[in-house]
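Chain residues, written in single-letter form:
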Amino acid sequence: MLLVRGHAGGTALTGTIYERGERSPTFEGAPDEGAPYVWICDEFYEVESGGQLQRIDGRERRVAFEAPTTRGFDTREAALEAAEEHVRTQFARLGLAETDVEIEIIENPDREEPEP
């Protein structure tokens, strides 16, 4: 499992890549179970009313969430490339520059680090 986290405007968005041999969540709209790499992440956009109030890039914004995006890929590289593009796009939908998004890849997030 890989977490792909984008940081921008004082907030972050994290999605998950399930790798070959891992069981990704199943729900309506999920990609074919046979895909070796599955990307799942929220999509959001700014709205004038409703949504969830959040402080992003120094101002309060109302953000509405869509159903999570799910996509299957044949290679790890393709999944990572699409994940990074997806995260940058979500921040761009809020008016932040895609170039301002810092991407962090976290491998095996559940694995405990050995004590020194």
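The structure this text deals with has already been given above.
What counts as what
Residues numbered from 1 in each chain as written. Predicted model: local features only at pLDDT ≥ 70, side-chain atom pairs only at ≥ 80, totals over all residues. Heavy atoms only, no water. Pairing = 2+ DSSP bridges. Helix = DSSP H or I, 4+ residues; strand = E, 2+ residues; numbered from the N terminus. Buried < 20%, exposed > 50% of the residue type's maximum accessible area, 1.4 Å probe, protein only.

### Focus on the pairing of strand β5 (residues 59–73)
Sheet analysis places strand β3 (residues 37–47) next to β5, joined by 10 bridges and oriented antiparallel. Within the sheet, the bridge partner assigned to Phe 44 lies in β5 and is Phe 65. In terms of strand pairing, strand β4 (residues 52–56) meets β5 through five bridges, oriented antiparallel. Paired with Leu 53 across the two strands is Arg 62, which belongs to β5. Hairpin remark: β4 followed by β5, antiparallel, with two residues in the connecting loop; positive phi at Asp 57, about 55 degrees.

### Some details on the environment of Pro 25
Within the element layout of this structure, Pro 25 appears in the loop between β2 (11–18) and β3. A relative accessible area of 34% means that Pro 25 is categorised as partly exposed. Taking C-alpha positions, Pro 25 is 9.4 Å from Val 38, a pair spaced 13 residues apart along the chain.

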